[in-house]
Amino acid sequence: MTRSLPENYREILIGLGENPDREGLLDTPVRAAKAMQYLCHGYEQSVDEIVNGALFASDSDEMIIVADIELYSLCEHHLLPFIGKAHVAYIPTGKVLGLSKIARLVDMFARRLQIQENLTRQIADAVQQVTDAAGVAVVIEARHMCMMMRGVEKQNSTMNTSVMLGAFRDSSNTRQEFLQLIGRSK
């Protein structure tokens, strides 16, 4: 037996001891279902759709960084938000990716139920796959509501994850330059 998403939210309200028929909650199941569908719309997207052919020939072989890309995701363990920013870099080998496509890739993967460790890897792998770069680096810094609002209730904690591929993994100088440019190293 399957129920619609709004019906499931109605059952959640009842399970919490609420009356879903009271004035303030009458439309909540539908609103909550629409919100969840929006927050998880990354499942309906693919890397190919996001990139949409926006690869351009270039002689550039220097590091390209898109920093401070805000991201909003939902923890797959508690369905609570984590909010932060991603820093994405790559070293092109004959083609560059349209600037907005990096942010769109971050959003596509963030708009799925996630853990931050996997999100970081998925972004790096997608940029590598699309660009065939000499190296890709991704750092994500995020605050997790599952840690702030429940459990240990630590309000000032930030989780940092990184994935370094190719030249960023192989060369400490390249990695250090990236970290310095995003303000993560002195």
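- The name given to the protein in an unreviewed UniProt entry is GTP cyclohydrolase 1, with Pseudomonas serboccidentalis as the source organism.
- Here the protein is described in UniProt, under the heading Pathway (unreviewed entry), as follows: "Cofactor biosynthesis; 7,8-dihydroneopterin triphosphate biosynthesis; 7,8-dihydroneopterin triphosphate from GTP: step 1/1."
- What the UniProt record of the protein gives under Sequence similarities (unreviewed entry) is the line "Belongs to the GTP cyclohydrolase I family."

1. What to know about the packing of aromatic side chains
Now for step 1: Taken as a whole and judged by the stated rule, the model has 1 aromatic pair.
Now for step 2: Judged by centre distance (5.7 Å) and plane angle (75°), the ring pair of Phe168 and Phe178 falls under edge-to-face. Placement of Phe168 in helix α7 (residues 167-170) and of Phe178 in helix α8 (residues 172-181) is noted, with a sequence separation of 10 residues between them. Both residues of the pair, Phe168 and Phe178, count as buried.

2. Some details on the UniProt feature "domain: GTP cyclohydrolase I" (unreviewed entry) in the protein
Now for step 1: Under the feature "domain: GTP cyclohydrolase I" (unreviewed entry), the UniProt entry names residues 7-182.
Now for step 2: Span residues 7-182 is 41% helix and 28% strand, its end C-alpha atoms 45 Å apart.

3. A look at the packing of helix α1 (residues 5-15) against helix α2 (residues 28-39)
Now for step 1: Contact geometry for α1 and α2: axes closest at 8 Å, N-to-C directions at 120°. The angle between the axes of α1 and α2 places the two elements in the oblique class. Considering only the axes of α1 and α2, their crossing is right-handed. Between α1 and α2, the contacting residues are Leu5, Pro6, Tyr9, Arg10 and Leu13 on the first element and Thr28, Pro29, Val30, Ala32, Ala33, Met36 and Gln37 on the second.
Now for step 2: Across the contact of α1 with α2, the residue classes break down as 9 nonpolar, 2 polar and 1 charged.

4. Some thoughts on a negative patch on the surface
Now for step 1: A cluster of like negative charges, contributed by Asp59, Asp61, Glu62 and Glu177, occupies part of the molecular surface.
Now for step 2: Along the chain, the position of Asp59 falls in the loop between β1 (55-57) and β2 (64-75).
Now for step 3: A relative accessible area of 81% means that Asp59 is categorised as exposed.

5. Some words on the UniProt feature "binding site: Zn(2+)" (unreviewed entry) in the protein
Now for step 1: UniProt tags Cys75, His78 and Cys146 as "binding site: Zn(2+)" (unreviewed entry). For the residues just named, distributed over 72 residues, the greatest C-alpha separation is only 7.5 Å, placing them together at one site.
Now for step 2: Within the secondary structure layout, Cys75 lies in strand β2.
Now for step 3: For His78, the location among the structural elements is in the loop between β2 and β3 (81-91).
Now for step 4: If near-sequence neighbours (up to four positions away) are discounted, His78 is found in contact with Cys146 and Arg150.

6. Section: unusual backbone geometry
Now for step 1: Positive phi, close to 60°, is recorded for Leu79, a residue that is not glycine.
Now for step 2: For Leu79, the position within the fold is in the loop between β2 and β3.
Now for step 3: Positive phi, normally seen in glycine, also occurs at Asp132, with a value near 55°.
Now for step 4: Looking at the element boundaries, Asp132 is found in the loop between α5 (116-131) and β6 (135-144).

7. Concerning the sheet that holds strand β5 (residues 113-114)
Now for step 1: Pairing in this open sheet of 5 strands is mixed, and the strands run β5-β2-β3-β6-β7 from one edge to the other. If you trace the sheet from one side to the other, it starts and ends with β5 and β7 (159-166), each paired once.
Now for step 2: Bridge count for β6 against β7 is 8 bridges, and the pairing is antiparallel. Note that in β7 the partner of Gly135 across the bridge is Gly166.

8. Re the state of the cysteines
Now for step 1: The tally for this structure, following the rule as stated, stands at 0 disulfides.
Now for step 2: Just so you know, Cys40 is unpaired, no disulfide at all, and the nearest cysteine sulfur is the one on Cys75, 12 Å from it.
Now for step 3: Exposure remark for Cys40: the relative accessible area of 13% places this residue in the buried category.
Now for step 4: In this model Cys146 remains outside any disulfide bridge; the closest cysteine sulfur is found in Cys75, 4.0 Å from its own.
Now for step 5: For Cys146, a relative accessible area of 13% corresponds to the buried category.

Reading the values: rules and limits
Residues numbered from 1 in each chain as written. Predicted model: local features only at pLDDT ≥ 70, side-chain atom pairs only at ≥ 80, totals over all residues. Heavy atoms only, no water. UniProt positions renumbered as here; feature names shortened; annotations may be inferred. Phe/Tyr/Trp six-rings, centres within 6.5 Å; stacked < 30°, edge-to-face > 60°. Helix = DSSP H or I, 4+ residues; strand = E, 2+ residues; numbered from the N terminus. Buried < 20%, exposed > 50% of the residue type's maximum accessible area, 1.4 Å probe, protein only. Axes fitted to C-alpha atoms, helices over the stretch in contact; angles between N-to-C directions. Parallel < 35°, antiparallel > 145°, perpendicular 65-115°, else oblique. Left-handed = near helix turned anticlockwise from the far one by under 90°. Contact = heavy atoms within 4.5 Å. Nonpolar A, V, L, I, M, F, W, Y, C, P; charged D, E, K, R; others polar. Patch = residues over 30% accessible without salt bridge, like charges linked within 9 Å, V, L, I, M, F, W, Y side chains within 5 Å. Areas by Shrake-Rupley, 256 points an atom, 1.4 Å probe, with all protein chains shown as cover. Salt bridge = Lys/Arg side-chain N within 4 Å of Asp/Glu carboxyl O. Lys, Arg positive; Asp, Glu negative; His and termini not counted. Charge placed at Lys NZ, Arg CZ, Asp CG, Glu CD. Pairing = 2+ DSSP bridges. Disulfide = S-S within 2.5 Å.

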